[in-house]
Every structure is written in C-alpha cells, then in structure tokens.
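Next come the chains, spelled out residue by residue.
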Amino acid sequence: MQLNSSSPFEWLGSAIGTVVRVVIDSLIWLFTMLSNASSDFINGFARALGVNSNLLSIAAVILGLFLIYTGVRAFIRRKIVLGIIWVLLGLWLLSALIN
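Please read these numbers as outputs of a predicted model, since none were measured by experiment.

Novice: Looking at this structure, I do not really get the overall build of the protein. What am I missing?
Specialist: What the protein contains, in helices and strands, is three helices and zero strands. Secondary structure elements of the protein, listed N to C terminal, follow the sequence α-α-α. Here the protein has a C-alpha radius of gyration of 27 Å; the compact-globule value for 99 residues is 13 Å, and the former is much larger. Projected onto the principal axes, the alpha-carbon positions of the protein cover approximately 90 × 30 × 15 Å. Within the protein, the proportion of its 99 residues that are buried is 16%. For the protein, contacts bridging at least 24 residues in sequence account for 38% of all contacts bridging at least 6. When the accessible area of the protein is evaluated, it comes to approximately 8100 Å², of which 71% is carbon and sulfur surface.

So this is what it looks like as structure tokens:
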C-alpha cells in the first residue's frame, strides 16, 4: 500500500486552480464571441447602408437617425417647422454618407 506523498493542501490548491482556469477560459471565450458578434454586426450594418465601417461613419449614421427621431418628436408636439428642419437635417446627413 503506497501512501500519496501530496498533502491535502496541494490537492485543494490544484482543484481551486483548475476551477479558476475554467472560469478564465470561459470568460475569454465569451468576450471573444461578443467581440466577433459586434464586429460582424457593424460590418453588416455598414455594408447594407453602403458606408464605410469606421467609427466616424457609424457615429454619423447614429446622429442622422437621432436627428430624424428629433424631427418626428417635434411633429408629434405639433411644431411643424421645427420638425421639418430636424428631419431635413437628418436626411441630408444620411444622404451625404450613403454611396
């Protein structure tokens, strides 16, 4: 009968290290998947609109959509002239971006 020369603390350290390693590998996998998904979404979004997929172009698209949203809200509040101005600014910005 051979006794195991390792102490219970070595076994406990090995078990905790294995658990920590599994958690870290899982988080790396999760963040890699999220990064790839967001990158694919931005590239598909930009390709569908016909704009470049750089950060400035995407920010300009978001700004243009926000201007249109502001114009629609002005129409709902019965501020027709202000609504027309906001919607035209948003459409102008989006039309300048789209190829």
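Novice: What's the story with the side chain of Ser57 in this structure? I'm lost.
Specialist: In this fold, Ser57 is placed in helix 2 (residues 55–76). We classify Ser57 as buried; its relative accessible area is 12%. A distance of 2.8 Å separates the side chain of Ser57 from the side chain of Asn54, its partner in a polar contact. Each residue touching Ser57, except ones within four places of it in the same chain, is listed here: Asn52 and Leu97.

Novice: Could you clarify how one ought to interpret unusual backbone geometry in this entry?
Specialist: Excluding glycine, residues mostly have negative phi values, and the peptide bonds linking residues are mostly trans. Backbone geometry places Arg78, a non-glycine residue, at a positive phi of 65 degrees. Within the secondary structure, Arg78 is located in the loop between helix 2 and helix 3 (80–97).

Criteria and thresholds
- Residues numbered from 1 in each chain as written.
- Predicted model: local features only at pLDDT ≥ 70, side-chain atom pairs only at ≥ 80, totals over all residues.
- Heavy atoms only, no water.
- Helix = DSSP H or I, 4+ residues; strand = E, 2+ residues; numbered from the N terminus.
- Rg over C-alpha atoms; globule rule 2.2 N^0.38 Å.
- Buried < 20%, exposed > 50% of the residue type's maximum accessible area, 1.4 Å probe, protein only.
- Contact = heavy atoms within 4.5 Å.
- Areas by Shrake-Rupley, 256 points an atom, 1.4 Å probe, with all protein chains shown as cover.
- Polar contact = N/O pair within 3.5 Å; in protein donor to acceptor, adjacent residues only side chain to side chain.

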